[in-house]
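Summary of the model geometry
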Protein chains: 2
Amino acid sequence: MHTTSEGEKPVFSACSQTRKLSNILACTLDLLPLGVRRAGRHPHLARAAVLGFVLGLILAVELGDRGGEEGWLGTPLLALLVIKQELVFSGMIGSGLCVFSKHPIQEIFQHVYSLNGYPYMFHHGDWFCGKSVGLLVLRLSGLVLNAYVTHLHAEYSRQKDIYFAHRVAQAWELAQFIHHTSKNADVVLLCGDLNMHPKDLGCCLLKEWTGLHDAFVETEDFKGSDDGCTMVPKNCYVSQQDLGPFPSGIRIDYVLYKAVSEFHVCCETLKTTTGCDPHSDKPFSDHEALMATLYVKHSPPQEDPCTACGPLERSDLISVLREARTELGLGIAKARWWAAFSGYVIVWGLSLLVLLCVLAAGEEAREVAIILCIPSVGLVLVAGAVYLFHKQEAKGLCRAQAEMLHVLTRETETQDRGSEPHLAYCLQQEGDRA
Amino acid sequence: MHTTSEGEKPVFSACSQTRKLSNILACTLDLLPLGVRRAGRHPHLARAAVLGFVLGLILAVELGDRGGEEGWLGTPLLALLVIKQELVFSGMIGSGLCVFSKHPIQEIFQHVYSLNGYPYMFHHGDWFCGKSVGLLVLRLSGLVLNAYVTHLHAEYSRQKDIYFAHRVAQAWELAQFIHHTSKNADVVLLCGDLNMHPKDLGCCLLKEWTGLHDAFVETEDFKGSDDGCTMVPKNCYVSQQDLGPFPSGIRIDYVLYKAVSEFHVCCETLKTTTGCDPHSDKPFSDHEALMATLYVKHSPPQEDPCTACGPLERSDLISVLREARTELGLGIAKARWWAAFSGYVIVWGLSLLVLLCVLAAGEEAREVAIILCIPSVGLVLVAGAVYLFHKQEAKGLCRAQAEMLHVLTRETETQDRGSEPHLAYCLQQEGDRA
C-alpha cells in the first residue's frame with residue numbers, strides 16, 4: 001500500500017520527475033430526490049461547469065434526466081466555458097452521470113449494472129435510474145488517465161438492507177470493469193457516490209480487487225467535515241432519518257486512485273465542503289463535494305505492481321471474496337424463494353380464475369365472481385413479472401458468484417504455493433512481457 | 001490490413017520468432033430451439049469437451065440452461081478430461097456461453113448487452129436468454145490472449161427485421177467492450193454466433209472499430225462448406241425457411257482476430273463442418289462448427305498499430321459510424337413512439353376503468369361494466385410494463401448513439417487534420433509511451 005507517511009515523503013520530493021496531474025473535484029449533485037425544482041439546479045450546475053473549466057475535472061452523479069439534452073448545457077455561454085463536457089445516460093430516468101473536463105476526452109464507455117434493485121420499489125426509484133459506471137480516457141501531460149464515475153444503489157435501511165446483495169454485486173461488477181479496462185492506463189481514478197461506508201463489504205471488495213487507494217486515508221493534508229463525512233447533519237437537505245444510527249455523519253462518496261504501470265500517484269490534498277455554501281443560501285447538494293489534488297511521479301522498480309499483491313494483501317482479498325460469495329449466496333436463495341413464491345401465486349391465481357369463471361357461468365354469486373376476476377387477472381400478471389424479474393436476479397447473482405469463485409480459486413492456489421513461488425511467477429510474467 | 005497474399009508470405013516464414021498459438025475450435029451448440037431433448041445434447045457436449053482437451057480451446061454458445069449447474073459437466077469422467085472448463089451464465093434461461101480450454105484460464109469477465117429484443121416476443125425468446133459477451137484471459141507461451149465468446153440477437157426476418165437497431169447496438173457494445181478490455185492483450189480472438197451476414201452494418205461496425213480480421217477472408221487455406229457458410233441446407237436441422245432468401249446457405253458464425261501490441265497474427269487454416277457428421281447420424285448443431293489455426297509472430301516496427309488507422313480505414317470507420325447512428329436514430333424514434341403509444345393506452349385504460357366503475361355503481365349495464373373491468377386492468381398493467389420497457393430501450397439506444405458520436409467527432413477531426421498531422425500525432429503518442 002502506498003502511504004504518505006513521514007517516512008516515505010522524502011521519496012516524493014526527491015524525485016525530479018514529479019508531474020502534477022490536475023486538481024480533481026468530485027461532486028454529487030443530488031437534488032432531484034429532494035423535490036428541488038429542475039430550474040433550481042441550474043445555478044449549481046453552471047458553477048460546477050465553471051469549476052471544471054478552472055480546476056480540471058469534475059465527475060458528478062445524479063444530474064437528473066434531461067439536463068444535457070435540452071437544458072442549460074446547450075446555452076452558448078456554457079458552450080464557451082466548458083471546453084469538453086460529457087453526459088452519459090442510462091435507465092429510464094437516467095443515471096445522471098456527468099463529467100466536466102477542461103482536458104479533451106479521448107474515449108468514453110459505459111457499463112450498466114446488471115442488478116440494481118427492484119422495479120416494484122417505486123418509492124425508492126433506483127431501478128428506474130439504471131445505475132452504471134462511466135469510463136473516460138484522458139491524456140494529461142503524456143499520461144493515460146482512466147477516470148471512472150459511478151453511483152451505486154442507495155442504502156435505505158442499515159438494519160434491514162434488502163439491497164445488500166445487489167450493492168455487493170454492483171461493487172464486484174465495478175471492480176471487474178475497472179480491473180479489465182484499466183490495464184493500459186498509467187493512472188486510475190474513481191469518483192462517485194458508492195453508497196457504502198468505508199468498512200462495508202462492497203467497499204473492501206472494490207479496493208482489494210482493484211488495488212485502489214482511498215484519498216481520505218492516504219492524504220496527509222485533509223480539510224473539511226469531521227472524518228471526511230459527505231453526508232453531514234449541518235447540511236440543510238439532510239435529515240436525521242437519512243443518517244440513521246450515525247447522527248454525526250457518514251462517508252459514502254469517495255475519491256479512489258492508483259497508478260498502474262511505472263508510475264506512482266499520491267493524494268497531496270483532499271478537501272470537502274462542510275454542509276453550507278459561503279456563496280449561496282443553499283449548499284451544492286445533500287452530499288458534500290470532494291476535491292482532491294493528485295501528484296504523479298515515475299515509480300522506482302521496487303514499487304512495481306508485483307509487490308502490491310503480497311501474501312498479506314492476497315489473504316485480505318481471499319477473506320473478502322469468501323464473505324462476498326456467502327452474501328451473494330444468501331441473495332441467490334432469497335431471489336429463488338421469491339421466484340418460487342411468485343410461481344405458486346401464478347398457479348394459484350390461474351386456478352382461482354378458472355374457479356371464478358365456473359362460478360360466473362352459474363347463477364349464484366355470479367356478480368361477486370366477476371368482480372373477483374379483476375384482482376385475479378392483475379395478480380397473475382404482476383406475479384408473472386415478479387417471477388421473471390427474480391429468475392433474472394438469481395442468474396445475475398450466480399454470475400457474479402462464479403466470477404468471484406474463479407478469482408478465489410486462483411488466489412488460493414497462488415497462496416498455497418507460498419510467497420517464493422509467487423515472486424518467481426511475478427518475475428516470470430515480467431520476463432515474458434519484457 | 002494484414003493479408004496472407006503471396007507478396008507478404010515471405011515476411012512470415014522469414015521470421016525466426018514464429019510461435020504457434022494453438023488450434024482453436026469455435027462451435028455453436030444450438031440444439032435447444034430445435035426441440036431436441038436435453039439429454040440428447042450430452043454426447044455432443046462431451047465430444048466438444050474432449051475436442052477442447054485435444055485441440056486447445058473451444059468457445060461455444062447456446063449451451064442452454066443448467067448444463068453446468070447440475071448436468072453432465074459435474075460427472076467425474078469429464079472432470080478428468082476437461083482440464084479447465086468455464087461456464088458463464090446470464091438472463092433467465094441463460095446465454096449458454098461456454099468455454100472448454102486445456103490452458104489455464106487466468107481471468108473471466110462478462111458483459112450483458114443492455115438491449116436484447118423484447119420480453120413480449122415470447123416465441124423468439126432472445127430477451128429471456130440475456131445475451132452477453134464473455135471474456136477469458138489466457139496465457140499461452142508467454143503471450144496474453146484475450147478470447148471473447150458471444151451470441152447476438154437472432155435475425156428472424158431479413159425483410160422486416162424489428163431487432164435491427166438492437167443488433168447494431170449489441171455490435172457496438174461488443175466492439176466497445178473488446179476495444180476497452182484488450183489494450184494489454186497481445187492477441188485478441190473473438191468467436192461466436194453474430195447472427196449477421198459479413199457485409200451487415202453491425203459486422204462492419206465491429207470490424208472497423210476493433211480492427212479485427214475475419215479468418216475466412218484472411219486465410220489462404222480454407223476447407224469446408226461453400227463460401228464458409230455456417231448455416232447450410234444440407235444440415236438436417238436447417239429448414240429452407242431458416243435460410244430465407246439465401247437458399248445456398250449463410251455465414252453468421254465467425255472467428256475474428258488481431259494482434260494488439262508488437263505481435264502479428266495470421267490464420268493459417270480454417271475449416272468448417274459441412275452439414276453432416278461422419279461419426280454420427282446427426283450433426284453437432286444446426287450451425288456448422290469452425291476451426292481455425294492461428295500463428296503469431298513478432299511484428300516488425302513498420303507494422304505497428306499506428307499504420308493500421310490510415311486515412312482509408314478512418315474514412316471507412318466514419319462512414320459506418322454515420323450509418324449506424326442513423327439506424328439507431330430510427331430505433332430511438334420507434335422506441336419513443338411505442339413509449340408514447342403505451343402512455344396513451346395507460347391514460348385511456350384508466351379513463352375506461354373510471355367510466356366502468358361509474359357504470360358498475362348504477363343498475364343498467366352493471367354486469368357488462370364489471371366484466372369489461374377485467375381486460376381493462378390487464379390492459380393498464382401490460383401497457384405500463386411496455387411503457388417502462390420502451391423508455392429504457394430509447395435510453396439504451398441514445399447511450400450507444402452518444403458513444404458513437406464521440407468517436408465520430410474525434411475521427412472526423414483527425415481526418416480533417418490530414419494524414420501528416422495524424423502521423424505526427426501517432427509518433428507523439430508513441431513518444432509519450434516510450
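Conventions adopted
- Residues numbered from 1 in each chain as written.
- Chains lettered and ligands numbered in written order.
- Predicted model: local features only at pLDDT ≥ 70, side-chain atom pairs only at ≥ 80, totals over all residues.
- Heavy atoms only, no water.
- Core = buried A, V, L, I, M, F, W, Y, C linked by side-chain atoms within 4.5 Å.
- Buried < 20%, exposed > 50% of the residue type's maximum accessible area, 1.4 Å probe, protein only.
- Contact = heavy atoms within 4.5 Å.
- Salt bridge = Lys/Arg side-chain N within 4 Å of Asp/Glu carboxyl O.
- Helix = DSSP H or I, 4+ residues; strand = E, 2+ residues; numbered from the N terminus.
- Axes fitted to C-alpha atoms, helices over the stretch in contact; angles between N-to-C directions.
- Parallel < 35°, antiparallel > 145°, perpendicular 65-115°, else oblique.
- Left-handed = near helix turned anticlockwise from the far one by under 90°.
- Nonpolar A, V, L, I, M, F, W, Y, C, P; charged D, E, K, R; others polar.
- Phe/Tyr/Trp six-rings, centres within 6.5 Å; stacked < 30°, edge-to-face > 60°.
- Domains from an automatic or database assignment.
- Buried area = accessible area lost by both parts, 1.4 Å probe.
- Polar contact = N/O pair within 3.5 Å; in protein donor to acceptor, adjacent residues only side chain to side chain.
- Pairing = 2+ DSSP bridges.
- Patch = residues over 30% accessible without salt bridge, like charges linked within 9 Å, V, L, I, M, F, W, Y side chains within 5 Å.
- Areas by Shrake-Rupley, 256 points an atom, 1.4 Å probe, with all protein chains shown as cover.
- 1 Å grid on protein atoms, 1.4 Å probe; cavity = no way out; pocket = protein on both sides within 12 Å on 5 of 7 lines; lining within 4 Å.
- Points joined across faces, edges and corners; volume = space filled by probe spheres on them.
- Disulfide = S-S within 2.5 Å.
- Right-handed = clockwise from strand over helix to strand, strands pointing away.

1. Some remarks on the nonpolar core
L194 of chain A together with L194 of chain B are the most contacted members of the largest nonpolar core, which totals 90 residues. In this structure L194 of chain B touches T150, L152, R167, L174, C203, L206, I252, Y254 and L256 of chain B, once residues within four positions along its chain are discounted.

2. Comments concerning the pattern of salt bridges
Per the stated rule, a full pass over the model turns up 20 salt bridges over all chains. Salt bridges here are not isolated pairs; linked through shared partners, they connect E155, R158 and D200 of chain A.

3. Let's talk about the environment of Q159 of chain B
Structurally, Q159 of chain B can be placed in the loop between β7 (143-151) and α6 (164-181). Separated by 93 residues in the primary sequence, Q159 of chain B and I252 of chain B place their C-alpha atoms 17 Å from one another.

4. A word on the packing of α6 of chain B against helix α12 (residues 366-416) of chain B
All names here are of chain B. Between α6 and α12, whose axes approach to 10 Å, the crossing angle comes to 50°. Judged by the angle between their axes, α6 and α12 are oblique. Relative to α12, α6 is oriented so that their crossing is left-handed. Listed contacts from α12 to A165, H166, V168, A169, W172 and Q176 of α6 are E393, L397, A400, E403, M404 and V407. Looking at the contact of α6 with α12 residue by residue, the class counts come to eight nonpolar, two polar and two charged.

5. What to know about the packing of aromatic side chains
Residues and elements named next belong to chain B. Considering all chains together, one arrives at 24 aromatic pairs over all chains under this definition. Centroid distance F109 to F177: 5.7 Å. Interplanar angle 40°. Geometry classified as tilted. Residue F109 is located in strand β5 (residues 105-112), and its partner F177 is located in helix α6; the two are separated by 68 residues in the primary sequence. Residues Y118 and F389 carry aromatic rings whose centres are separated by 5.7 Å and whose planes lie at 70° to one another, so their mutual orientation is edge-to-face. Residue Y118 is located in the loop between β5 and α5 (126-129), and its partner F389 is located in helix α12; the two are separated by 271 residues in the primary sequence.

6. Some details on the domain arrangement of chain A
The figure often quoted for interface size is the accessible area lost as the parts come together. Residue and element names in this part refer to chain A. Parsing chain A into structural domains produces domain 1 (20-298) and domain 2 (311-426). Each partner contributes to the interface: domain 1 provides 20 residues, whereas domain 2 provides 24 residues. Regarding the contact of domain 1 and domain 2, the summed buried area is about 1,700 Å², with carbon and sulfur atoms giving 75% of it. The interface formed by domain 1 and domain 2 includes seven residue pairs in polar contact (both at pLDDT 80 or more). For the side of domain 1 that touches domain 2, the elements supplying multiple residues, two or more each, are α6 (164-181) and α7 (201-210).

7. Digging into the sheet that holds strand β11 (residues 253-259) of chain A
All names here are of chain A. Reading across from one edge, β5-β6-β7-β8-β11-β9 is the order of the six strands in this open sheet, with mixed pairing throughout. Whereas interior strands pair on both sides, the edge strands pair on one side only; in this sheet they are β5 (105-112) and β9 (213-214). Pairing of β9 with β11 involves two bridges; the strand directions are antiparallel. By the bridge assignment for β11, H213 is matched with Y257.

8. With respect to the sheet that holds strand β11 (residues 253-259) of chain B
Residue and element names in this part refer to chain B. Taken in spatial order, the six strands make up an open sheet running β5-β6-β7-β8-β11-β9, and their pairing is mixed. Bordering the open sheet on either side are β5 and β9 (213-214), each of which pairs with just one other strand. The strands touched by α6 are β5, β6 (132-140), β7 and β8 (187-193); relative to β7, the strand with the most contacts, the crossing angle is about 165°.

9. Structural notes on the environment of Y120 of chain B
All names here are of chain B. Its location among the elements puts Y120 in the loop between β5 and α5. Judged by its relative accessible area of 34%, Y120 is partly exposed. On a C-alpha basis, the gap between Y120 and L97 in space is 24 Å, while along the polypeptide they are 23 residues apart. Here Y120 is in contact with V386 and H390, once residues within four sequence places are set aside.

10. Thoughts on a nonpolar patch on the surface
On the surface, a cluster of nonpolar side chains totalling about 280 Å² of accessible area is made up of L381 and V382 of chain A together with L381 and V382 of chain B. When residues of the nonpolar patch are traced back to their parent elements, those giving at least two are α12 (366-416) of chain A together with α12 of chain B. Inspection of the secondary structure assignment puts V382 of chain A in helix α12.

11. Some details on the side chain of S376 of chain A
Residues and elements named next belong to chain A. Inspection of the secondary structure assignment puts S376 in helix α12. A residue is classified by how much of its surface remains accessible, and S376, at 3% relative accessible area, is buried. Contacts of S376, omitting those with residues within four sequence positions, involve L352, L353 and L356.

12. Quick look at empty space enclosed by the protein
Regions of empty space are outlined by a rolling probe, equal in size to a water molecule, passed over the atoms. Scanning the entire structure with this criterion turns up nine cavities of 30 Å³ or more. Approximately 90 Å³ is the volume attributed to the largest cavity. Lining the largest cavity are 14 residues, with Q110 of chain A together with S114, E173, R399 and E403 of chain B sitting closest to its centre. Of all the elements in the fold, those that place two or more residues in the lining of the largest cavity are β5 of chain A together with α6 and α12 of chain B.

13. Some thoughts on the state of the cysteines
All names here are of chain B. Going through the model one piece at a time under the given rule, you end up with zero disulfides over all chains. Distance from the sulfur of C203, which forms no disulfide, to the nearest cysteine sulfur (C204) is 6.4 Å. Looking at C203, the relative accessible area reads 0%, which means it is buried. Free of any disulfide, C373 has its nearest neighbouring cysteine sulfur in C357, separated by 4.9 Å. For C373, a relative accessible area of 6% corresponds to the buried category.

14. Examining the pairing of β7 of chain B
Residue and element names in this part refer to chain B. Burial runs high along β7: nine of the nine residues are buried. Covered by surrounding structure in β7 are L143, L145, A147, V149 and H151 together with V144, N146, Y148 and T150, the residues of both alternating faces. Pairing of β6 with β7 involves eight bridges; the strand directions are antiparallel. From the neighbouring strand, R139 faces β7, where its bridge partner is V144. Connecting β6 to the antiparallel partner β7 that follows it, the hairpin turn spans two residues, and S141 within it adopts a positive phi of roughly 50°. Traced from β7 through α6 to β8, the parallel crossover comes out right-handed.

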